[in-house]
Structure formats: structure tokens, C-alpha cells
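# Per-entry structural report
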Amino acid sequence: MVGMQVILEGLALGTFINVRGATGCELLRSLLGYVTRDEARHVAFGNIYLTTEIARMHADERAAVEDFACEATRKTVSMRRGMEGMAGFDQVLMDSGLDPNDFLAALHAEVAAGFRLTGTPGTVHTLKSLIVPGIVRAGLVSDRVKPAYEAAGIKLFSDTRILEEFEDSGEVRAA
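Just so you know, these numbers come straight off a predicted model, no measurement behind them.

## Observations regarding the packing of aromatic side chains
Taken as a whole and assessed by the stated rule, the structure comprises one aromatic pair. Between the aromatic rings of Phe-45 and Tyr-49, the centroid separation amounts to 5.9 Å while the plane-to-plane angle is 15°, which identifies the pairing as stacked. You can see Phe-45 and its partner Tyr-49 sitting in helix α2 (residues 26-56), four residues apart, about one turn around the helix. Residue classification places Tyr-49 among the partly exposed positions, given a relative accessible area of 40%.

Here is the structure:
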């Protein structure tokens, strides 16, 4: 449940929401509207069921699920910002005929020249708005496991407003 309904479905939901917000194609936007509403139901089911079941678990079982949630979240964050994730991106660059070092140097030059990436209105930070709040709300971040999240540099976002908005409607208001 944690791996599929909270983390993977949360990643899928965030991706579909952000693509929907960024596209100029009305057909794709319409189709992704249906997809995000469906994904929101999957995430809601996982979060609601998981919260109830975690509360019923024996402390040892809950600790095992807490450890799994922490490790799965750590790996997800690592893929998105660290060397584990960069290896795949580097391969895409090489397959496209680009040198990863040249790409990185050009990116640094753009940032130094003043380039700032801004999100499309209505975009969602998947980990901050969907996944981590779901894990916290489910009761999977005890005092025992908090130091592991801190050691991995994962902020324990507990504001569930965006998560709940999606669970209720499958929509988010533009920022």
C-alpha cells in the first residue's frame, strides 16, 4: 500500500497534474483531467485505508512499515536529485548525442547568467504536496524514524491541504 498507493500513485498523480497544467493542447488537457481525477481516487483510497490500518497494527509491524516508507521515500528523493537518478539522465543525454558534462556546464552558465526556472501555475511539488504528507498523515513518521528522514535530507511536510483537495475533487486550483 505504501509503495503503490502513496508513493507510485502520488508520483503519477503529480506528473499528470503538472503535464496537464503545462500543455497547450486542449484535448490532452481534457484527457489528463479524467486521468488526474482517477489517480486522485487511487491516492485517496491508499491514504485513507493505510491510515486506518497503521493505527491498528502492532508496534513491531508498524515499525517495519515505517522503515519501508522511509527507505522508499529516500530512494525516490535520491533518484530525483542525486547520482542514482543522474545516471539515467546522463544516458538519455548520451543517446541524444550530448555530452553530460557539456550539458551541465551549459546549465551552470545559464543559471549564472540569470536564468530562473519557475513552475507553471497550478503545478504541484509531488513529494512536498502529495507523498510526504500522505506518509505523515498515515502515522508512519514516529520519533523512532524521524532521524532517518532528517539524515536523508527529507523535510517532513505535514500540510495535507493539497493532498486532500485532490482526494476530494481530483483538481487543484491554479496557484
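## Things to note about the nonpolar core
Grouped together as the largest cluster of nonpolar side chains are 21 residues, with contacts concentrated most on Val-2, Ile-7, Leu-50, Ile-135, Leu-140 and Tyr-149. Elements with a minimum of two residues in this core: α1 (2-22), α2, α3 (59-81) and α6 (126-137). Considering each element in turn, this core owes the most residues, five residues, to α3. Discounting residues that sit within four places of it in the chain, Ile-7 has contacts with Val-2, Ala-69, Ala-72, Thr-73, Thr-76, Ile-131 and Ile-135. In terms of nonpolar packing, the next biggest core, distinct from the first, is built from seven residues, Ala-40, Val-43, Leu-130 and Leu-163 among them.

## Describing α1
End to end, α1 covers 28 Å across 21 residues, agreeing with the expected 30 Å (1.5 Å per residue, within 8%). Of all the bends in α1, the largest measures some 30° and sits at Glu-9. Inspection of α1 places Val-2, Gly-3, Gln-5, Val-6, Ile-7, Glu-9, Gly-10, Leu-11, Leu-13, Gly-14 and Ile-17 among the buried residues, and these make up the whole buried set.

Cut-offs applied
Residues numbered from 1 in each chain as written. Predicted model: local features only at pLDDT ≥ 70, side-chain atom pairs only at ≥ 80, totals over all residues. Heavy atoms only, no water. Phe/Tyr/Trp six-rings, centres within 6.5 Å; stacked < 30°, edge-to-face > 60°. Helix = DSSP H or I, 4+ residues; strand = E, 2+ residues; numbered from the N terminus. Buried < 20%, exposed > 50% of the residue type's maximum accessible area, 1.4 Å probe, protein only. Core = buried A, V, L, I, M, F, W, Y, C linked by side-chain atoms within 4.5 Å. Contact = heavy atoms within 4.5 Å. Expected span 1.5 Å × (residues − 1). Bend = angle between axes of the 7 residues up to and from the residue.

Coordinates in, geometry out; function isn't part of it.
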